[in-house]
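What follows is each chain in one-letter form.
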Amino acid sequence: SKSFLFVVFITIKFSVKYNYFMKHKYLDRIKSLEGPPKKINIFSEQEIKMIIELYDLLPERTYNKKQNVRKKAWEQNYNKELDKIYVSKLKEVLGDYKMDNLKSKSGEDLYGLFHESFEPLPIHVDSGFTPDEIIYKQVVTPLSSVGDTIFFKKRWYGRSTSFTIDSEELKFKPKADQNDRSNKHLGDKEFDKEIHKKYLSHIDINNLRGMEIEFIYEWKVGESLIVDRTHIHCASSRIDHKKLGLTTFTKK
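Residues numbered from 1 in each chain as written. Predicted model: local features only at pLDDT ≥ 70, side-chain atom pairs only at ≥ 80, totals over all residues. Heavy atoms only, no water.

Novice: Describe the environment of Y97, naming the residues involved and giving the relevant values.
Specialist: Along the chain, Y97 turns up in the loop between α4 (80-94) and β4 (98-99). The class of Y97 is buried, set by a relative accessible area of 16%. Here the alpha-carbon distance between Y97 and I135, two residues 38 residues apart in the chain, equals 9.8 Å. If we skip the residues at most four places from it in the chain, Y97 touches V87, L90, K91, Y136, T250 and K251. Here the side chain of Y97 touches V87 through a polar contact of 3.0 Å, landing on its backbone oxygen. (Helix = DSSP H or I, 4+ residues; strand = E, 2+ residues; numbered from the N terminus. Buried < 20%, exposed > 50% of the residue type's maximum accessible area, 1.4 Å probe, protein only. Contact = heavy atoms within 4.5 Å. Polar contact = N/O pair within 3.5 Å; in protein donor to acceptor, adjacent residues only side chain to side chain.)

Novice: Account for the pattern of salt bridges, with residues named and values stated.
Specialist: Should their charged atoms come close, side chains of opposite charge can pair. Taken as a whole and assessed by the stated rule, the structure comprises 18 salt bridges. Taking the shortest distance from any N to any O, the salt bridge between D100 and K251 comes out at 3.9 Å. Linking D100 in the loop between β4 and β5 (113-117) with K251 in strand β14 (residues 243-251), this pair joins segments that are 151 residues apart in sequence. For the residue pair D100 and K251, the accessibility class agrees, reading buried in each case. (Salt bridge = Lys/Arg side-chain N within 4 Å of Asp/Glu carboxyl O.)

Novice: Provide a residue-level description of the packing of helix α3 (residues 45-57) against α4, including the pertinent values.
Specialist: One way to put it is that α3 packs onto α4 with a least axis distance of 11 Å and a crossing angle of 120 degrees. Comparing their axes, α4 and α3 come out oblique. For the crossing formed where α3 meets α4, the hand is left-handed. Contacts between α3 and α4 involve E47, M50, I51 and L54 from the first element and E81, L82, I85 and K89 from the second. For the contact of α3 with α4, the residue count by class is 5 nonpolar, no polar and 3 charged. (Axes fitted to C-alpha atoms, helices over the stretch in contact; angles between N-to-C directions. Parallel < 35°, antiparallel > 145°, perpendicular 65-115°, else oblique. Left-handed = near helix turned anticlockwise from the far one by under 90°. Nonpolar A, V, L, I, M, F, W, Y, C, P; charged D, E, K, R; others polar.)

Novice: Residue-level account of the nonpolar core, with values.
Specialist: Counting 29 residues, the largest nonpolar core has W74, L90 and F114 as the members making the most contacts within it. Counting residues per element, the ones that place at least two in this core are α3, α4, β7 (135-142) and β14. The dominant element in this core, judged by the number of residues it contributes, is α3, at 5 residues. Apart from the residues within four sequence positions on either side, F114 is in contact with I51, L54, Y55, L58, R70, K71, K72, W74, L143, G245 and L246. Ranked by size, the runner-up nonpolar core spans 15 residues in total, among them I150, F152, I213 and I232. (Core = buried A, V, L, I, M, F, W, Y, C linked by side-chain atoms within 4.5 Å.)

Novice: Describe the packing of aromatic side chains, listing the residues and the values that go with them.
Specialist: To describe a pair of aromatic rings, one takes the distance between the centres and the angle between the planes. Counted according to the given criterion, the structure contains 8 aromatic pairs. Ring geometry for F215 versus Y217: centroids 6.4 Å apart, planes at 15 degrees, classification stacked. Through a chain of ring-to-ring contacts, three or more aromatic side chains come together here, namely F43, Y55, W74, Y86, Y111 and F114. Residue placement shows K243 over the ring face of W219; its charged tip is 4.2 Å from the ring centre. Over the ring of Y136 we find K252; its NZ or CZ atom is 4.6 Å from the centre of that ring. (Phe/Tyr/Trp six-rings, centres within 6.5 Å; stacked < 30°, edge-to-face > 60°. Lys NZ or Arg CZ within 6 Å of the ring centre and 35° of its normal.)

Listed below in structure tokens is the structure:
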């Protein structure tokens, strides 16, 4: 009947809208796990070398020409010894956690995502795609030495999102594993012009209105950075041809 079809249409429309403006179900738990960014040294020089060698072996997963970034996923069993080392070293600093990366074709956990970036990545947040997950920490391990990651004071508790003032970009409707687009990060205060010139010249300063920097992580091979997944962040404009890094997303 027409009334039944109307109810179905409204239900589908509401579901799509709800998904697009998703809020995490366990916000109190997520917030209780948050803390300041933390630099750590957990991998030896030899282990970093093994991780770089693994990157060379892995098949390319994505080459995003728009962002000029090549991505490879850490698939298990290419180096079983390194698989065990990586998981156990993360447990030393994170305690109990679960991987929250994509799955392999065979359904196994991927241990992280390698980014080989030829241009700085824009403002975004890696807060996940599922409302009933308790997102935890992301671990960034630099595999090249030139570059920075800029973390802003503002947090985001919706889906993983890329932040933009571009009206065409804001019309984008993401698939299940793609970032939303939003301009809800904006505020009233003008962004610091000197900081913009030094670190963020690749970003329209109007797209930084109301934003304040909490932490600038200067990449150093041999270190890793642990940071909450609710942190809005981006790369700095400082890049030497390309940057290579490994990011692992976790949940509770």
